[in-house]
Amino acid sequence: MKNSVLHVTDVHKSFGGLQALSDVDLNVEEGTTHAIIGPNGAGKSTLLNVCVGRLKPDHGHVVFNGEVLDEHTPDEINQLGVSRVFQTPEIFPDLTLLENVLIPAFASRDGSFSLRPFSKLRKETEIRDRAEQALADVGLAALKDREAAALSRGDKRRLELAMCLIQQPKLLLLDEPTAGMSRHDTNRTVDLLKTIKARGMTKVIIEHDMHVVFSLADKISVLAQGKIIASGTPDEIKGNPKVQEAYLGGAH
Amino acid sequence: MKQIVSREPFALLAFAVVILTMPLWLTPLGANYPDLLQKFAIFAIFAMGFNILFGLTGYLSFGHAAFLGVGSYAAVWSFKLFTMNVLPAIAFGMAFSGLFALLIGYVSLRRSGIYFSILTLAFAQMCYNLAYSVLTPITNGETGLQLTLQDPRIIDRIFVEPGPGLPETNLFGIDMSGYPGFYFCAVVLIICFFITRRIFKSPFGLTLRGIKSNQGRMGYTGYSTRPYTLAAFVISGMFAGLAGSLLAVTDPLAGAERLQWTASGEVVLMTILGGVGTLIGPMLGAWIIKYFENIFSSFNKSTLSEIFSFLPENLQAFAVDISSLFVGEGWHLTLGLLFMLVVIFLPGGVMEGWRRLVKRFSGGGGGSPESAPVPQAAE
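Throughout, residues of each chain are indexed from 1 in the direction in which the sequence is written. As they are written, the chains are lettered A onward and the ligands numbered 1 onward, keeping that order. It should be noted that, the model being predicted, local features are given only for residues of pLDDT at least 70 and side-chain atom pairs only at 80 or more, the latter also being counted only at that level, while totals for whole chains, interfaces and linings use all residues. Only hydrogens and water are set aside; all other atoms, that is, all heavy atoms of the structure, feed into the side-chain values.

(A) Spotlight on the overall build of chain B. From N to C terminus, chain B includes 18 helices and four strands. Radius of gyration here is computed from C-alpha atoms only, and the compact-globule reference equals 2.2 Å multiplied by the residue count raised to the power 0.38. In terms of overall dimensions, chain B is globule-like: its C-alpha atoms have a radius of gyration of 22 Å, near the 21 Å expected for 379 residues. Viewed in the frame of its principal axes, chain B has a C-alpha envelope of about 70 × 70 × 40 Å. Type-normalised accessible area, obtained with a 1.4 Å probe on protein chains alone, sets the label of each residue: buried when under 20%, exposed when over 50%, and partly exposed for intermediate values. Going through the 379 residues of chain B one by one, you find that 51% of them count as buried. By definition, residues are in contact when any of their heavy atoms lie within 4.5 Å. For chain B, the proportion of contacts with a sequence separation of at least 24, taken over those separated by at least 6, is 76%. What sets the accessible areas is the Shrake-Rupley method with a 1.4 Å probe; for residues, cover comes only from the shown protein chains. Summed over its atoms, the accessible surface of chain B is roughly 17200 Å², and 70% of this surface lies on carbon and sulfur atoms. In this description a helix means any DSSP run of H or I spanning at least four residues, a strand means any run of E spanning at least two, and both kinds are numbered starting from the N terminus.

(B) Geometry of the environment of Ala 179 of chain A. Within the secondary structure, Ala 179 of chain A sits in the loop between strand E7 (171-175) and helix H6 (183-198). Each C-alpha atom of the pair Ala 179 of chain A and Thr 88 of chain A lies 9.5 Å from the other, and the pair is 91 residues apart in sequence.

(C) Up close: the pairing of E7 of chain A. All names here are of chain A. For E7, a buried count of five out of five residues is recorded, marking the element as mostly surrounded by other parts of the structure. Here E7 shows two buried faces, one formed by Leu 171, Leu 173 and Asp 175 and the other by Leu 172 and Leu 174. Here strand E6 (residues 82-85) pairs with E7 via four bridges, running parallel. For Arg 84, the partnering residue across the bridge sits in E7 and is Leu 173. At least two bridges found by DSSP between two strands is the condition for calling them paired. Sheet topology places E7 next to strand E8 (residues 202-206); five bridges connect them, and they run parallel. By the bridge assignment, Leu 171 is partnered in E8 with Thr 202.

(D) Representation of the interface of chain A and chain B within the structure. Contacts between the two partners involve 41 residues from chain A, matched on the other side by 32 residues from chain B. The term salt bridge refers to a pairing of a side-chain nitrogen on Lys or Arg with a carboxyl oxygen on Asp or Glu at a separation within 4 Å. Linking chain A to chain B there are two salt bridges. Taking the shortest distance from any N to any O, the salt bridge between Arg 217 of chain B and Glu 160 of chain A comes out at 2.8 Å. Each polar contact in these results corresponds to two N or O atoms within 3.5 Å; when the atoms are within protein, one needs to be able to donate a hydrogen and the other to accept it, and residues that are neighboring in sequence are counted only if both atoms are side-chain atoms. Linking chain A with chain B are 15 residue pairs in polar contact (both at pLDDT 80 or more), by the criterion used here. Contributions of two or more residues to the side of chain A that touches chain B are made by helix H2 (74-79), helix H3 (97-106), helix H4 (125-137) and helix H5 (153-165) of chain A.

(E) Fine view of unusual backbone geometry. Its identity as a non-glycine residue notwithstanding, Asp 10 of chain A has a phi of 55°, on the positive side. Mapped onto the elements, Asp 10 of chain A comes out in strand E1 (residues 4-15). What makes Asp 10 of chain A partly exposed here is its relative accessible area of 28%. Phi is positive for Phe 172 of chain B, close to 45°, though the residue is something other than glycine. Secondary-structure assignment places Phe 172 of chain B in the loop between strand E2 (170-171) and strand E3 (174-175).

(F) The pairing of strand E3 (residues 33-37) of chain A, seen in detail. Residue and element names in this part refer to chain A. With five of five residues buried, E3 lies mostly within the body of the structure. With burial as the criterion, each face of E3 is covered, one bearing Thr 33, Ala 35 and Ile 37 and the other bearing His 34 and Ile 36. Pairing between E3 and E8: four bridges, direction parallel. Looking at E8, one finds that His 34 is bridged to Val 204.

(G) Main features of the sheet that holds strand E5 (residues 67-68) of chain A. Residues and elements named next belong to chain A. With antiparallel pairing, four strands are arranged side by side in an open sheet as E2-E1-E4-E5. The sheet is open, and its two borders are formed by strand E2 (18-29) and E5, each paired with just one other strand. The convention used is that axes are lines fitted to C-alpha atoms, helices contributing only their stretch in contact, and that angles between N-to-C directions extend from 0 to 180 degrees. Set on the sheet, helix H1 (residues 44-52) makes contact with E1, E2 and strand E4 (59-64); between it and E2 the angle comes to about 65°.

(H) H6 of chain A, seen in detail. All names here are of chain A. The span expected for a helix works out to 1.5 Å for each residue beyond the first. Here H6 spans 23 Å end to end across 16 residues, near enough to the 22 Å set by a 1.5 Å rise per residue. Three or more residues of H6 are buried, namely Asp 185, Thr 186, Thr 189, Val 190, Leu 192, Leu 193 and Ile 196. Burial along H6 is one-sided: seen end-on, the buried residues are contained in an arc of 160°. Away from its buried face by more than 90 degrees, H6 exposes His 184 and Ala 198. Packed against the buried residues of H6 are H4, H5, E7, E8 and helix H7 (210-216). Positive phi shows up at Gly 200, right after H6, with a value of about 85°. Note: the arc covers the axis-to-C-beta directions of the helix.

(I) Representation of the packing of helix H13 (residues 261-274) of chain B against helix H14 (residues 281-296) of chain B in the model. Residue and element names in this part refer to chain B. Direction vectors running N to C along H13 and H14 enclose 120°, while the axes themselves pass 6 Å from each other. Put simply, H13 runs oblique to H14. Of the two elements, H13 crosses H14, and the hand of that crossing is right-handed. Together, Glu 266, Leu 269, Met 270, Thr 271, Leu 273 and Gly 274 of H13 and Gly 281, Pro 282, Gly 285, Ala 286, Ile 288, Ile 289, Lys 290 and Glu 293 of H14 make up the contact between the two elements. Looking at the contact of H13 with H14 residue by residue, the class counts come to seven nonpolar, four polar and three charged. Should an angle lie under 35 degrees it is considered roughly parallel, over 145 roughly antiparallel, and from 65 to 115 roughly perpendicular; all remaining angles are considered oblique. Crossings are classed by handedness, with left-handed meaning an anticlockwise turn of the near helix from the far one by less than a right angle and right-handed meaning a clockwise turn. By the convention adopted, Pro, Cys, Tyr, Trp, Phe, Met, Ile, Leu, Val and Ala count as nonpolar, Lys, Arg, Asp and Glu as charged, and the other residues, Gly among them, as polar.

(J) Inspection of the domain arrangement of chain A at higher detail. Residue and element names in this part refer to chain A. When its domains are assigned, chain A resolves into domain 1 (1-81 + 172-252) and domain 2 (94-168). Segmentation into domains, and thus their bounds, comes from an automatic or database assignment. Between domain 1 and domain 2, the C-alpha centre-to-centre distance is 26 Å. On the side of domain 2, 15 residues touch domain 1, which itself brings 19 residues to the contact. In short, buried area is how much 1.4 Å probe accessible area vanishes from two parts on joining, totalled over both. Of the roughly 1200 Å² buried between domain 1 and domain 2, counting both surfaces, carbon and sulfur atoms make up 55%. At the boundary of domain 1 and domain 2, one finds one salt bridge. Across the domain 1-domain 2 interface, the total number found is three residue pairs in polar contact (both at pLDDT 80 or more).

Structural data, given as structure tokens:
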């Protein structure tokens, strides 16, 4: 049994009368890829929002490596080693691709505030090389001087992935990383995510594309109407009648 | 990785040459008198500093005149209490405005967008009103803070016998009025340009631009943004304080009108007119506004009649009547029209116009159409 790095225990979150998450428990083991699937509006993104500090749970806790995440601000959570790719790409639209990747590369990893008003970007060759490599990893090296706003949605997603990967996070949260991508780009992203898995990075992935889910996930949890209705290996989930009813229903 | 030759010395040298030869190349424009040249240099510093906050972080402060005023008062007090040497005056001006910026920034930066603007405006108007009321012992109210014969000037008294009249501000014996005053301000401007350029090209500058572009993302990327915005606010406040103390250096009196919101608005206009977020745009904007203020406001009916003297008499009277609306007291109208034209047709200010020209004349737009303007293009 591997160590579990992310514990979500008994998390509740409601918006007004809508119960978005109720009694959610989740354990993510170190080095694994844990997929969360479920129909639209099931609370998948809300669950990730609770993990990165965008939302506070009404009840319950999210614990990562012994740290209670819901007591921290988003920047502190990132400092603990959690990076996230958002459903709608959160990038720096006015900056070039290279600058987009340089910003996370410069974020000091000890949480301290470093001003560095007089060091020169041009001279930071080591960090620049790393940034260019990160762009090359996602296949965007040729566009590094292009403004990020001009990218297609799929490319923005890959850029955001590069921005997360350059930080070498311990836990990577991916909210539909292949939505809006062509089949070819999807396959490339899947290959990239497999490479990262080889490096031992823990990942939580939300995805609608079952091809992506079943080629990446070690474990799958199914969320429906704010509740985890099943958890298990891909094969167990495929054979679970409750899941088929709630989510895969039409496909079988 | 390819090694790029640093362009810094060249950029700096070119800038220094342009600034120091201003008296020469401004002669044809009729703007080569020291008073105006000093203003060109001083307000360029003010606008450049303002741009570090507004241009890089996107936080629009409507209260920067407060720091200008504080810088002026601190400088004049240094002249009154210690010495007529300008260096301590500048140091005091920057230190006090920096302190004010730290306090005002600490509170105002809790909000962003329009709320931040309103908070800074409120603080500046508060300073303005205090200067007229409670703080009259420090600011001398409506009269303004001036030098008097009774000033202690303790450091000067140790070295020299006080002369009969009011002393002049000086830099180790060189009088700071007229052209020497301009050259002093020009050197300070060149130093400020160097600092600003360095900030633009540093990781700090990149962080600030990231905050402007997507502040939320900065949080999820591990940055606590407040210390960075506060640092930008304080630096920009100190630039304003420096400009304020230079105003006192060239003319040693400080009045509360320097703190008023119109002065804060003026620096916003300068920055937008020249090009927000560009390195030299705000300076160009400052020059344009100060030029209009001094040249157009000095026109009167008789100069206009002279200009239109080639017209028949009736037409001449008509032309003078119409155009006199736009000069003299009415120069604000000209400025307003110019500002509207720029904002509507060149939202990126003068610098965007410049880039478009360059593109047109470099082979019909050699670059790809998507190569949108980058902030550092201003070199």
